[in-house]
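# Coordinates in review
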Amino acid sequence: MPLRLPDRLPAIDLLKKENIFVMGDERAHAQDIRPLRIVILNLMPLKITTETDLVRLLSNTPLQLDISFMKLKSHTPKNTPIEHMMMFYRDFESMRNEKFDGMIITGAPVEQLEFEEVGYWSEVTDIFNWARTHVTSTLYICWAAQAGLYHFYNIPKYPLSKKMFGIFSQHPLDDRLPIFRGFDAEFRMPHSRHTEIHREDVLANPELTLIADSEVCGPSIIMARGGREFFITGHMEYAPDTLDKEYRRDKDIRKDVDMPIDYYYNNNPANGPRVTWRAHANLFYSNWINYYVYQETPYNIEDIR
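This report concerns the structure included in the present document. Just so it is clear, the model here is predicted, and its values are computed rather than measured.

What follows concerns the overall build of the chain. A tally of regular secondary structure across the chain gives ten helices and twelve strands. Whereas a compact globule of 305 residues would reach a radius of gyration of roughly 19 Å, the chain reaches 19 Å, a difference of no more than 12%. For the chain, the C-alpha atoms occupy an extent of roughly 55 × 45 × 40 Å along the three principal directions. Considering the chain as a whole, with its 305 residues, one finds that 55% of them fall into the buried category. Restricting to contacts in the chain with at least 6 residues of sequence separation, those with at least 24 account for 73%. For the chain, the centre of its 35 positive side-chain charges and the centre of its 43 negative side-chain charges are spaced 3 Å apart.

Here helix H6 (residues 121-134) crosses helix H7 (residues 143-153) at 75 degrees, and the two axes come no closer than 11 Å. One element, H6, and the other, H7, form an angle in the roughly perpendicular class. Contact residues: Trp 121, Val 124, Thr 125, Phe 128, Asn 129 and Arg 132 in H6; Trp 143, Ala 144, Ala 147, Gly 148, Tyr 150, His 151, Phe 152 and Tyr 153 in H7. Split into classes, the residues belonging to the contact of H6 with H7 amount to nine nonpolar, four polar and one charged.

A word on unusual backbone geometry. Unusually for a residue other than glycine, Cys 142 sits at a positive phi of about 50 degrees. Relative to the elements of secondary structure, Cys 142 occurs in the loop between strand S7 (135-141) and H7. What makes Cys 142 buried here is its relative accessible area of 8%. Here Asp 262, not a glycine, exhibits a phi torsion of approximately 55 degrees, which is positive. Along the chain, Asp 262 falls in the loop between helix H9 (242-253) and helix H10 (278-294).

Mapping Tyr 89 onto the fold places it in strand S5 (residues 89-91). By relative accessible area, Tyr 89 is classed as buried at 4%. Once the C-alpha coordinates of Tyr 89 and Met 70 are considered, the two residues, 19 residues apart in sequence, prove to be 5.3 Å apart. Here Asn 42 takes part through its side chain, which lies 2.9 Å from a polar atom of the side chain of Tyr 89.

So, on to the pairing of S7. With seven of its seven residues buried, S7 lies for the most part within the structure. Taken together, the five bridges between strand S6 (residues 100-105) and S7 define a ladder with parallel strand orientation. Looking at the pairing, Ile 104 lines up with Leu 139 of S7. The parallel pair S6 and S7, bridged by H6, forms a crossover whose chirality is right-handed. Pairing analysis gives four bridges linking S7 to strand S12 (residues 229-232), with the strands arranged parallel. Residue pairing across strands places Leu 139 opposite Phe 230, the latter belonging to S12.

One broad trend across soluble globular proteins is that nonpolar side chains are buried collectively. Ranked by internal contacts, the top residues of the largest apolar core, which has 39 residues, are Leu 58, Ile 221, Tyr 285 and Trp 288. Ignoring sequence-local partners within four residues, the contact set of Tyr 285 consists of Leu 54, Leu 57, Leu 58, Ile 104, Leu 139, Ile 141, Met 236 and Glu 237. Of all hydrophobic cores here, the second largest spans 38 residues; its members include Ile 105, Ala 144, Leu 149 and Leu 210.

Another point: the packing of helix H3 (residues 47-58) against H10. Remark: H3 packs on H10, axes separated minimally by 8 Å, with the N-to-C direction vectors making an angle of 70 degrees. Here H3 lies roughly perpendicular to H10, going by the angle between them. Judged by residue contacts, Leu 54, Arg 56, Leu 57 and Leu 58 of H3 engage Ala 281, Asn 282, Tyr 285, Trp 288 and Ile 289 from H10. Residue composition of the contact of H3 with H10, by class: seven nonpolar, one polar and one charged.

This part takes up H6. Here H6 spans 20 Å end to end across 14 residues, near enough to the 20 Å set by a 1.5 Å rise per residue. Elements in contact with the buried residues of H6: strand S3 (36-41), strand S4 (65-71), helix H5 (92-95), S6, S7 and H7.

Tallying each qualifying case throughout the model produces 18 salt bridges. A salt bridge links Glu 229 to Arg 132; its shortest N-O distance comes to 2.7 Å. Here the residue Glu 229 occupies a position in strand S12, and Arg 132 occupies one in helix H6, the gap between them amounting to 97 residues. When its relative accessible area of 24% is taken as the criterion, Arg 132 is described as partly exposed. When the shortest N-O distance is used, the salt bridge between Asp 258 and Lys 162 registers 3.1 Å. Within this pair, whereas Asp 258 is found in the loop between H9 and H10, its partner Lys 162 is found in strand S8 (residues 158-172), the two being separated by 96 residues in sequence. Relative accessible area serves as the criterion here: at 40%, Asp 258 is assigned to the partly exposed category. Within this structure, Lys 163, Glu 246, Arg 249 and Asp 250 form a network of salt bridges that share partners.

Each value, and the rule that gives it
Residues numbered from 1 in each chain as written. Predicted model: local features only at pLDDT ≥ 70, side-chain atom pairs only at ≥ 80, totals over all residues. Heavy atoms only, no water. Helix = DSSP H or I, 4+ residues; strand = E, 2+ residues; numbered from the N terminus. Rg over C-alpha atoms; globule rule 2.2 N^0.38 Å. Buried < 20%, exposed > 50% of the residue type's maximum accessible area, 1.4 Å probe, protein only. Contact = heavy atoms within 4.5 Å. Lys, Arg positive; Asp, Glu negative; His and termini not counted. Charge placed at Lys NZ, Arg CZ, Asp CG, Glu CD. Axes fitted to C-alpha atoms, helices over the stretch in contact; angles between N-to-C directions. Parallel < 35°, antiparallel > 145°, perpendicular 65-115°, else oblique. Nonpolar A, V, L, I, M, F, W, Y, C, P; charged D, E, K, R; others polar. Polar contact = N/O pair within 3.5 Å; in protein donor to acceptor, adjacent residues only side chain to side chain. Pairing = 2+ DSSP bridges. Right-handed = clockwise from strand over helix to strand, strands pointing away. Core = buried A, V, L, I, M, F, W, Y, C linked by side-chain atoms within 4.5 Å. Expected span 1.5 Å × (residues − 1). Salt bridge = Lys/Arg side-chain N within 4 Å of Asp/Glu carboxyl O.

As structure tokens, this is what we get:
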């Protein structure tokens, strides 16, 4: 089944060029099936890029997904046209009484601030709390993962002496979990962050299960509440050129920028990125939709508790 997206969303044309089947509202209404409702709280500055990255991964499922985009009332993005936000995004307050089968909360460029110093901390934690009773399963990505772990489980973050930047190997710790069906003994994930969480803090909390780990970049995927919450410290959703754009942008601003680790062919930016994470990224999102959303969510969406 295809994705059901708002008509005229820029991601539609981009994904059609990649031969991904996307369905508009009109055709979707004609199908006699209850689509899974997925809401994305997009906190990244380049909204259209992040939309496309996530929708690309959500497309690899046989289920019809109805995608909605949520925004914060307490924060106005500077890098996305206001017309785009008005057309495709809704404030949390207007969605508070709705329920969703799945939710994705993205990272945000505020990780070097203390959580309570973030201007929208009050609103975003209100959304975290809301998700627990209005969403079947929620994915927290990068800063959102650190924020969710801190808010719900008192897991602190720690500054890194050097940015964690590149593609790093991860290891599933329990391959019997449905989220890892089809995974190899090792998979790779992009990381781009200035802070980290510590393995011992996660392991000390009986409510948390560390399910994927890395010798280099530490805990990478943490599960809670039987799969109703996943916290991902990296960016499985990144497109092939995302780290390249970030590296070239930062290199033009200052001189102390390191090249992303194990990313370019022969470690040479002129050779382009060596893409080594897409297969497992697609499999992870497909498993999440199937085993933790579709298999767990009630047919009557109002029964989500």
